[in-house]
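Spelled out, the chains give:
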Amino acid sequence: MNQRRCTPVEYLMRLDAIERTFGFSATAVGATSEGQIVTIQKFIDGDPPTQEEVDAFLLGEGITPVKQQCWLWKKYDADFELEFWIGDARADNFVKTVNGMVPIDLRMWGIVPN
């Protein structure tokens, strides 16, 4: 796996994958003249979780660690027949609320499994 810039369509697909997986993502509201997508995200009131709490949350959601020390996880989606890979799944990118854990800044992308 290596990181690269994604197209605007790929970025919108990532937002959709985060919404489908976690029920919460940023919302695209427009684009700049340079083609950059502008998003907004509701403020989430809560506390910073520990990495152990984030890892337990991801495991509880059926998400499998790939390189846990690099915050890389994956989950198979049978509807799309894709593995959705989740990057940057570190404690800094989650908020612990009274209703559970909320991701606030993850990267997700789909790949066809081997």
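Here the structure is shown first, and the text comes after it.
All values reported here derive from a predicted model rather than from experimental measurement.

Engineer: Mind showing me how you'd approach the nonpolar core here?
Structural biologist: Considering soluble globular proteins, one finds that nonpolar side chains tend to be buried as a cluster. Counting 17 residues, the largest nonpolar core has Phe22, Leu58, Ile86, Ala89, Phe94, Leu106 and Met108 as the members making the most contacts within it. If you list the elements that add at least two residues to this core, you get helix H1 (8-22), helix H2 (51-60) and strand S5 (82-87). Leaving out residues up to four positions away in the same chain, leucine 106 has contacts with Ile18, Phe22, Ile86, Gly87, Asp88, Ala89, Asn93 and Phe94.

Engineer: What should I look at first to understand unusual backbone geometry in this one?
Structural biologist: As a rule of thumb, non-glycine residues mostly have phi less than zero, and peptide bonds are mostly trans rather than cis. Backbone geometry at tryptophan 71 places phi at a positive 60 degrees, although glycine is not the residue there. Within the element layout of this structure, tryptophan 71 appears in the loop between strand S3 (64-67) and strand S4 (72-77). Positioned with a positive phi, glutamate 81 is a non-glycine residue whose angle comes to about 55 degrees. Mapped onto the elements, glutamate 81 comes out in the loop between S4 and S5.

Engineer: Would you mind showing me how to read the sheet that holds S3 here?
Structural biologist: The strand order across the open sheet formed by 4 strands is S3-S4-S5-S8, and the pairing between neighbours is antiparallel. The open sheet has two edge strands with one neighbour each: S3 and strand S8 (107-111). When strand polarity is set aside, the average angle formed by the axes of neighbouring strands in this sheet is 30 degrees. Note: S4 against S5, 5 bridges, orientation antiparallel. What sits directly across from lysine 74, in S5, is tryptophan 85. Helix-sheet contacts for H1 involve S4, S5 and S8, and the interaxial angle to S8 is about 95 degrees.

Engineer: Any chance you could explain the pattern of salt bridges here in plain terms?
Structural biologist: Where charged atoms from two side chains of opposite charge approach closely, those side chains can pair. The final tally for this structure, using the stated rule, is 7 salt bridges. The partner of arginine 107 in a salt bridge is aspartate 88, with the nearest N and O atoms 3.8 Å apart. Placement of the pair is arginine 107 in strand S8 and aspartate 88 in the loop between S5 and strand S6 (94-97), with a sequence separation of 19 residues. The buried category is assigned to aspartate 88, whose relative accessible area is 16%.

Cut-offs and rules
- Within any chain, residue numbers begin from 1 and follow the written order of that chain's sequence.
- With pLDDT at 70 or above as the cut-off, local features in this predicted model cover only qualifying residues; side-chain atom pairs require 80 or more to be listed or tallied, and sums for whole chains, interfaces and linings still use all residues.
- Side-chain metrics rest on all non-hydrogen atoms present in the structure, leaving aside hydrogens and water.
- In plain words, nonpolar cores are sets of buried Ala, Val, Leu, Ile, Met, Phe, Trp, Tyr and Cys residues tied together by side-chain atoms within 4.5 Å.
- Remark: exposure states derive from per-residue accessible area (1.4 Å probe, protein chains only) relative to the maximum for the residue type, with buried under 20%, exposed over 50%, and partly exposed in between.
- Segments assigned H or I by DSSP are reported as helices when at least four residues long, segments assigned E as strands when at least two residues long, and all are numbered from the N terminus.
- Here a residue-residue contact requires only that any non-hydrogen atoms of the pair lie within 4.5 Å.
- Pairing between two strands is assigned when DSSP locates at least 2 bridges connecting them.
- Convention adopted: a line fitted to C-alpha atoms gives each axis, helices being fitted over their contacting stretch, and angles between N-to-C directions are expressed from 0 to 180 degrees.
- A carboxyl oxygen of Asp or Glu within 4 Å of a side-chain nitrogen of Lys or Arg is what we treat as a salt bridge.

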